[in-house]
Amino acid sequence: MSKKIQAIRGMNDLLPAQAPLWQYFEQQIRSLMGRYGYDEMRTPILEQTALFKRSIGEVTDIVEKEMYTFEDRNGDSLTLRPEGTASCVRAAMENGLLHNQTQRLWYQGPMFRHERPQKGRYRQFHQVGVETFGLEGPDIDAEVILLSARLWKQLGLFEQVTLELNTLGSPAARAAYRETLVGYFEQHYELLDEDSRRRLSTNPLRILDSKNPAMAELLAEAPRLMDHLDAESRTHFERLTAILDAAGIAYVINPRLVRGLDYYSRTVFEWTTEALGSQGTICAGGRYDGLVEQLGGKPVPAVGFAMGVERLVLLLETLDLVPDAALDTLDVYLLPMGEDAEAAALGMAERLRDELPGLRLQLHCGGGGFKSRIRKADKSGARLALLLGDEELASQSVTLKFLREEREQRRIEHSELATTLDELLTEA
């Protein structure tokens with residue numbers, strides 16, 4: 001026998017039993033973005049490799065170790081996108097969306113990184129992101145944070161998450177701080193782990209992200225970026241926190257929350273949770289006022305965030321926060337018995353779909369005995385079954401059977417069927 005072909009490690013199938021949970025999350029996202037006036041952007045999953053080298057940085061783990069990169073038949077180096085911001089910026093620049101105008105955009109879709117698969121983190125993973133352009137005040141920083149906070153409220157997660165906040169200041173202030181930080185770490189070089197020593201010359205701010213407990217005291221004593229801020233960035237941050245205070249959004253100022261890339265400035269934030277065990281980030285964002293210029297455009301202020309769908313779906317599932325109605329895939333299972341009924345049932349199913357556009361109805365196909373058909377109706381997850389046999393055909397009626405409730409089945413005439421189904425399903 002031929003060897004069975006299996007999915008690539010870390011790239012998972014989304015099976016029918018799991019799809020309703022994802023659909024529920026996606027519906028919440030789409031509804032929320034519409035309420036805030038954000039427009040959806042869709043970009044290709046393949047981009048030129050240079051886009052990510054210039055945006056993410058050649059000396060980052062993502063570019064050096066994790067990207068899926070290959071040459072196509074023309075010899076061009078292409079990469080499966082490892083994140084969404086660079087593609088969104090490229091598309092906005094290429095299509096003239098940034099010239100003397102503001103944009104509020106969002107996207108969703110698969111991203112790809114070759115890293116060690118673990119629960120909630122995979123080689124093909126999905127993100128939802130928000131990107132705004134042309135707005136430089138703290139009000140838009142606050143809006144994207146408030147938007148994410150409203151999502152947690154909609155999903156029932158608000159009590160399970162913590163907002164961590166920091167500011168990176170201006171590029172000039174951060175450059176001066178970087179020199180101070182490098183000097184501090186060089187004085188304590190023997191206390192740095194191997195990864196931190198490598199970052200010291202390439203990305204020293206990322207050393208502050210280290211989770212190595214042996215370095216905890218060293219990092220706690222490190223110079224604080226907050227103490228090196230320029231006056232304009234300090235004012236920006238104070239106005240942002242004042243807006244969040246007025247909106248009733250609690251936050252923790254985390255001086256170790258940084259971004260290692262030069263195009264980031266001022267506001268950075270993360271939403272974290274301990275509901276999945278150890279503390280984990282479920283959403284991260286901030287200002288990246290230098291990215292458009294770094295990719296060849298004129299300077300444009302920008303702020304946004306991205307969240308991982310797999311981890312959020314896992315969180316919803318773990319905390320049992322998805323309404324039962326969202327997981328119901330069917331309302332009605334139509335069960336014909338006999339050849340005449342099978343022919344009539346096709347027409348009946350189409351008429352009901354015409355009269356009740358929101359109805360989720362599945363028609364039994366494939367024959368089988370009565371008990372077998374009833375078992376399939378029950379297994380379908382539908383609330384109601386409609387039985388159509390010779391007696392029902394003769395009397396222009398159907399038998400309505402309740403599959404999830406202890407209620408008597410009853411006969412319903414064809415002329416009353418759509419109205420009755422509508423009433424019963426509205427009750428739920």
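Residues numbered from 1 in each chain as written. Predicted model: local features only at pLDDT ≥ 70, side-chain atom pairs only at ≥ 80, totals over all residues. Heavy atoms only, no water.

**Quick notes on the overall build of the chain**
Counting its regular elements, the chain contains 16 helices and 16 strands. Radius of gyration (C-alpha) of the chain: 28 Å, far over the 22 Å computed for a compact globule of 428 residues. Viewed in the frame of its principal axes, the chain has a C-alpha envelope of about 90 × 60 × 45 Å. Here the chain holds 428 residues, and 48% of them are scored as buried. Considering only residue pairs separated by 6 or more positions, the chain has 70% of its internal contacts joining residues 24 or more positions apart. (Helix = DSSP H or I, 4+ residues; strand = E, 2+ residues; numbered from the N terminus. Rg over C-alpha atoms; globule rule 2.2 N^0.38 Å. Buried < 20%, exposed > 50% of the residue type's maximum accessible area, 1.4 Å probe, protein only. Contact = heavy atoms within 4.5 Å.)

**What to know about the sheet that holds strand S12 (residues 332–336)**
On the basis of which strands lie adjacent, the open sheet formed by five strands has the order S13-S12-S14-S15-S16 and mixed pairing. Unpaired on one side and paired on the other, strand S13 (361–363) and strand S16 (410–413) mark the two borders of the sheet. Averaged over all neighbouring strand pairs, the angle between strand axes comes to 30 degrees, with direction disregarded. As judged from the four bridges shared by strand S15 (residues 397–402) and S16, these two strands associate in the antiparallel manner. Bridged to Val398 within S16 is Ile412. Docked against the sheet, helix H14 (residues 370–379) engages S12, strand S14 (384–388) and S15, running at close to 170 degrees with respect to S12. Along the sheet, helix H16 (residues 414–427) makes contact with S12, S14, S15 and S16, crossing S16 at roughly 120 degrees. (Pairing = 2+ DSSP bridges. Axes fitted to C-alpha atoms, helices over the stretch in contact; angles between N-to-C directions.)

**Considering the environment of Thr420**
For Thr420, the location among the structural elements is in helix H16. Separated by 133 residues in the primary sequence, Thr420 and Arg287 have C-alpha atoms spaced 54 Å apart. Setting aside chain neighbours within four positions, we find Thr420 in contact with Arg410 and Ile412.

**A closer look at the packing of aromatic side chains**
In total, this model carries four aromatic pairs according to the counting rule given. Sitting over the face of the ring of Phe158, Lys153 holds its NZ or CZ atom 5.0 Å from the ring centroid. (Phe/Tyr/Trp six-rings, centres within 6.5 Å; stacked < 30°, edge-to-face > 60°. Lys NZ or Arg CZ within 6 Å of the ring centre and 35° of its normal.)

**A word on the domain arrangement of the chain**
Here the chain is described as being made up of domain 1 (18–170 + 229–319) and domain 2 (328–427). Once you take the C-alpha centre of each, domain 1 and domain 2 turn out to be 46 Å apart. (Domains from an automatic or database assignment.)

**A few points about the nonpolar core**
Buried together is how nonpolar side chains tend to be arranged in soluble globular proteins. With 43 residues, the main nonpolar core has Phe25, Ile145, Trp152, Trp271 and Met307 as its most contacted residues. By residue number, the principal contributor to this core is helix H5 (residues 138–155), which donates nine residues. What Phe25 contacts, discounting residues up to four positions off in sequence, is Val128, Leu155, Met307, Val309, Leu312, Val313 and Leu316. Counting residues in each nonpolar core, the second largest holds 42 residues, with Leu105, Ile207, Val268 and Val300 among its members. (Core = buried A, V, L, I, M, F, W, Y, C linked by side-chain atoms within 4.5 Å.)

**Section: the sheet that holds strand S4 (residues 77–80)**
Pairing is antiparallel across the open sheet formed by three strands, whose spatial order is S2-S4-S3. Each edge of the open sheet carries a strand with a single partner, namely strand S2 (46–48) and strand S3 (68–71). Each strand axis lies, on average, 35 degrees off the axis of its neighbour in the sheet, ignoring direction. Pairing analysis gives three bridges linking S2 to S4, with the strands arranged antiparallel. Within S4, the position partnered with Gln48 by the bridge is Leu78. Of the strands in this sheet, S2, S3 and S4 touch helix H2 (residues 49–56), which is tilted by about 75 degrees from S2.

**Section: helix H6 (residues 171–187)**
The end-to-end C-alpha distance of H6 is 24 Å, a good match for the 24 Å that 17 residues give at a rise of 1.5 Å each. Buried residues along H6 sit in contact with helix H7 (194–202) and helix H8 (216–220). (Expected span 1.5 Å × (residues − 1).)

**Comments concerning the UniProt feature "binding site: L-histidine" (unreviewed entry) in the chain**
The sites that carry the UniProt feature "binding site: L-histidine" (unreviewed entry) are, in the present numbering, Glu83, Gly84, Thr85, Arg113, Gln127, Glu131, Arg259, Tyr263 and Tyr264. Note on placement: Glu131 falls in strand S6 (residues 124–133). Residue contacts for Glu131: discarding those within four places in its chain leaves Thr85, Cys88, Gln103, Arg104, Leu105, Tyr107, Tyr288, Val303, Gly304 and Phe305. A polar contact of 2.8 Å, which involves the side chain of Glu131, links it to the side chain of Thr85. With respect to the secondary-structure elements, Tyr263 resides in the loop between strand S8 (252–253) and strand S9 (267–273). The class of Tyr263 is buried, set by a relative accessible area of 7%. For Tyr263, the contacting residues outside a window of four places in its chain are Ser55, Arg174, Arg287, Tyr288, Asp289, Gly290, Leu291 and Gln294. (UniProt positions renumbered as here; feature names shortened; annotations may be inferred. Polar contact = N/O pair within 3.5 Å; in protein donor to acceptor, adjacent residues only side chain to side chain.)

**Description of the pairing of strand S10 (residues 280–287)**
Counting buried residues in S10 gives six out of eight residues, a clear majority hidden from the surface. Judged from the six bridges that link them, S9 and S10 form a sheet pairing that is antiparallel. When the bridges of S10 are listed, Phe269 appears paired with Gly285. One ladder, built from five bridges, connects S10 with strand S11 (residues 302–308); its direction is antiparallel. Residue pairing in the sheet places Arg287 in a bridge with Val303 of S11.

**Thoughts on the packing of H6 against H7**
Axis separation between H6 and H7 bottoms out at 10 Å; the angle between their running directions is 145 degrees. For the crossing formed where H6 meets H7, the hand is left-handed. The segment H6 lies against H7, with Arg178, Val182, Phe185 and Glu186 engaging Leu200, Ser201 and Thr202. Split into classes, the residues belonging to the contact of H6 with H7 amount to three nonpolar, two polar and two charged. (Left-handed = near helix turned anticlockwise from the far one by under 90°. Nonpolar A, V, L, I, M, F, W, Y, C, P; charged D, E, K, R; others polar.)

**Here's the deal with the environment of Val268**
Summarising the element assignment, Val268 is placed in strand S9. Overall, Val268 belongs to the buried group, its relative accessible area being 0%. In this structure the C-alpha to C-alpha distance between Val268 and Gly381, which are 113 residues apart in sequence, comes to 45 Å. Apart from residues no more than four positions distant in its own chain, Val268 is found in contact with Glu164, Leu165, Asn166, Thr167, Leu168, Leu257, Arg259, Gly285 and Gly286.

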